[in-house]
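Results of the structural survey
Below are the chains, spelled out letter by letter.
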Amino acid sequence: MIRAADLAFYFFISLLGSTLRIEIDGQEHLDAIWAADKVPIYTFWHDRILLFTYKFRGQGAVVMTSRSFDGEYIARFIQRFGFGAIRGSSSRGGSRALVEMIKAMRDGHAMAFTLDGPRGPRHRAKPGPIMLAKQTGNPILPAVSAARRYWTLNSWDRLQVPVPFTKAIIIGAEPFYVKADADEAEIAESLAVLQQKLDDLTGRANEWSKQRDSVQKPARK
């Protein structure tokens, strides 16, 4: 079952992604991170995972996936897309996974968090990337994606599946750092900042998805 799910998701996302027209808003934020000789910590919502998986394939980013059945086939198919996988979640194996992520970042690998995974609450940020930023000195890069047309699944996260051949966008916010000596209050403040940035991005992305491409009418003679 795990192998079947792994292959099914890989071929489905590959085929769907090849039909999409994906643009990036905020590429300069990512470029600035690399220019500063830092490594990004990507953060996004679980319901937008399909677009991120396809767009950032082959770049060697590492994703934390849960130790559940779902986490196993997710780890397998994202590795087919060129991602690394570290097993753990906020409820199981999180501390060990954080240590592995710190080591991977020291080797130059970007990290990626589906912040409200693996089971929610939906669109509520968790502190994993805050702790990773504190330990590594690397910046957090909040991002949200959207598609002009999409289906919504009846899942806990209301997963969005873009309709083939639709336009899509990934919007990135200005990255931010967490001080190495941040105390509990400052960590909580950083988490609130991350939540606010993602909420703002989600609003922008949702407004973008509601737009319809304008059709220019021929001028009257």
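Here goes a summary of the coordinates provided. Keep in mind the model is a prediction, meaning the values are calculated, not measured.

So, the nonpolar core
- Core analysis: the largest hydrophobic core is formed by 63 residues, its most contacted members being Ile 41, Tyr 42, Met 111, Leu 132, Ile 140 and Leu 194.
- When sequence neighbours within four positions are dropped, the list of residues in contact with Ile 140 reads Ile 41, Thr 43, Pro 129, Ile 130, Ala 133, Pro 175, Phe 176, Val 178 and Leu 194.

Section: the packing of aromatic side chains
- As enumerated under the stated definition, the model contains six aromatic pairs in all.
- With centroids separated by 4.9 Å and ring planes inclined at 55°, the aromatic side chains of Tyr 10 and Phe 81 adopt a geometry described as tilted. Taken together, the residues span a long stretch of sequence, with Tyr 10 in helix H1 (residues 2-19) and Phe 81 in the loop between helix H4 (69-80) and strand E4 (84-87) at a distance of 71 residues.
- Assessed through its relative accessible area of 22%, Tyr 10 is described here as partly exposed.
- These aromatic residues form a ring-pair network of at least three members: Tyr 42, Phe 44, Phe 52 and Phe 56.
- A cation over a ring is seen here: Arg 57 above Tyr 54, with NZ or CZ 3.9 Å from the ring centre.

Overview of helix H6 (residues 128-136)
- Listed as buried for H6 are Pro 129, Ile 130, Leu 132, Ala 133 and Lys 134.
- Gly 137 occupies a position one or two residues after H6 and carries a positive phi of about 80°.

Overview of the layout of surface pockets
- Of the voids in this model, the second largest pocket is the one considered here, and its volume is about 160 Å³.
- Residue lining of the second largest pocket: 15 residues in total, with Ile 24, Gln 27, Leu 30, Phe 56 and Ile 170 positioned closest to the centre.
- Within the residue set of the lining of the second largest pocket, elements represented by two or more residues are strand E1 (21-25), helix H2 (27-35), helix H3 (49-55), strand E6 (140-147) and strand E9 (167-172).
- A per-class count over the lining of the second largest pocket returns nine nonpolar, four polar and two charged.

Cut-off values and rules
- Residues numbered from 1 in each chain as written.
- Predicted model: local features only at pLDDT ≥ 70, side-chain atom pairs only at ≥ 80, totals over all residues.
- Heavy atoms only, no water.
- Core = buried A, V, L, I, M, F, W, Y, C linked by side-chain atoms within 4.5 Å.
- Buried < 20%, exposed > 50% of the residue type's maximum accessible area, 1.4 Å probe, protein only.
- Contact = heavy atoms within 4.5 Å.
- Phe/Tyr/Trp six-rings, centres within 6.5 Å; stacked < 30°, edge-to-face > 60°.
- Helix = DSSP H or I, 4+ residues; strand = E, 2+ residues; numbered from the N terminus.
- Lys NZ or Arg CZ within 6 Å of the ring centre and 35° of its normal.
- 1 Å grid on protein atoms, 1.4 Å probe; cavity = no way out; pocket = protein on both sides within 12 Å on 5 of 7 lines; lining within 4 Å.
- Points joined across faces, edges and corners; volume = space filled by probe spheres on them.
- Nonpolar A, V, L, I, M, F, W, Y, C, P; charged D, E, K, R; others polar.

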